[in-house]
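Here is what each chain is made of, one letter per residue.
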There are 2 protein chains.
Amino acid sequence: MTEKSSLPKVVNIAQKYTLFHEQWQPRIVGEANGNYVKLTRLEGEFIWHRHANEDEMFLVIKGRLQIRLHEGDLWVEEGEFVIIPRGVEHLPMAEEEVQVMMFEPKSTVNTGEIQNERTVTDQWI
Amino acid sequence: MTEKSSLPKVVNIAQKYTLFHEQWQPRIVGEANGNYVKLTRLEGEFIWHRHANEDEMFLVIKGRLQIRLHEGDLWVEEGEFVIIPRGVEHLPMAEEEVQVMMFEPKSTVNTGEIQNERTVTDQWI
């Protein structure tokens with residue numbers, strides 16, 4: 001890539017993943033139309049939560065993501081995505097570490113309407 | 001996946017690509033927060049255009065995408081993405097067929113402010 005400072009940045013997803021290793025702490029890698037593109041590493045079990053006003057898209061880059069819903073469980077494999085509609089309570093989990101790309105409004109908080117020790121403020125990388 | 005009708009759909013990107021082979025005719029595969037997730041096949045040269053009010057995200061699933069800008073050229077490889085900011089005139093092209101996932105507001109027209117024979121209305125698959 002012949003990059004000049006004025007050109008939009010091309011983002012290499014695998015390279016970005018070398019820059020952080022913390023789990024459950026999404027990193028911001030892009031912004032478009034009021035949405036952030038985020039990368040995260042998930043392993044183990046998160047908390048049940050919902051986002052009142054935001055649909056949340058999970059695209060699996062590597063590994064296998066499980067999302068528990070009250071109606072049943074979803075498994076999202078590498079190269080697959082799912083969109084959890086606003087208001088739907090969900091519990092992301094992963095038996096082994098999974099790399100997930102997320103698209104969601106800038107307003108989205110990782111723990112939804114809950115504020116606890118797992119709530120984080122996402123950082124740009 | 002133990003799917004019930006009430007569960008959000010898990011979308012397999014490779015499987016969706018088996019459902020269409022037309023180039024330059026994006027298909028809609030998801031909707032979140034007023035944005036569509038689209039899949040498209042590109043080969044050859046498109047037309048110079050811009051989107052006055054929409055940033056446009058191109059994520060390369062397979063192959064290599066070139067985007068010409070007046071300031072220079074970008075190459076986006078498999079596993080990479082770029083966001084072309086609103087108002088920036090650009091010309092997507094590909095020497096060989098490339099599979100691209102796009103994330104953009106529902107209002108986005110493929111040819112931007114131009115209406116011609118390459119303008120299409122995107123279909124859900």
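Being a predicted model, the structure only gives us computed values, none of them experimental.

Residue and element names in this part refer to chain A. Examined against the element boundaries, Lys38 turns out to sit in strand β3 (residues 35–45). On the accessibility criterion, Lys38 (1% relative accessible area) is buried. In this structure the side chain of Lys38 is engaged in a polar contact, spanning 2.5 Å, whose partner is the side chain of Asp122. Leave out the neighbours within four places in its chain, and Lys38 touches Pro26, Arg27, Ile28, Val29, Val100, Met101, Met102, Glu104, Thr108 and Asp122.

A word on unusual backbone geometry. Residues and elements named next belong to chain B. If you check the backbone angles, Trp24 has positive phi at about 60° while not being a glycine. Turning to its location among the elements, Trp24 is positioned in the loop between α1 (13–17) and β2 (27–32). Residue Trp24 is classed as buried on the basis of its relative accessible area of 10%.

Screw-axis analysis of chain B against chain A gives a translation of 0.0 Å along the axis, an RMSD of 0.0 Å, and a rotation angle of 180°. Considering both components of the superposition, the chain copies are consistent with a two-fold axis. Closest approach to the rotation axis within chain B is made by the C-alpha atom of B:Phe103, at a distance of 4.4 Å. Mapped onto chain A, 100% of the interface residues of chain B are again interface residues, and the two copies thus contact each other with one and the same surface.

Cut-offs applied
Residue numbers run consecutively from 1 along every chain, following the written order of its sequence. To read the labels, note that chains go from A and ligands from 1, taken in the order they are written. Side-chain atom pairs in this predicted model are given and counted only at pLDDT of 80 or more, local residue features only at pLDDT of at least 70, and totals for whole chains, interfaces and linings cover all residues. The basis for the side-chain values is all heavy atoms of the structure; hydrogens and waters are excluded. Helix numbering and strand numbering both begin at the N terminus, where a helix is a DSSP run of H or I of at least 4 residues and a strand a DSSP run of E of at least 2. Three exposure classes are used, based on accessible area relative to the maximum for each residue type with a 1.4 Å probe and protein chains only: buried under 20%, partly exposed in between, and exposed over 50%. Nitrogen and oxygen atoms within 3.5 Å of one another constitute a polar contact, given that in protein one can donate a hydrogen and the other can accept it, and given that sequence-neighbouring residues count only through two side-chain atoms. In this description, contact between two residues means that some pair of their heavy atoms is separated by no more than 4.5 Å. When the copies are overlaid, the least-squares fit takes in C-alpha atoms only where the residue has pLDDT of at least 70 in both copies.

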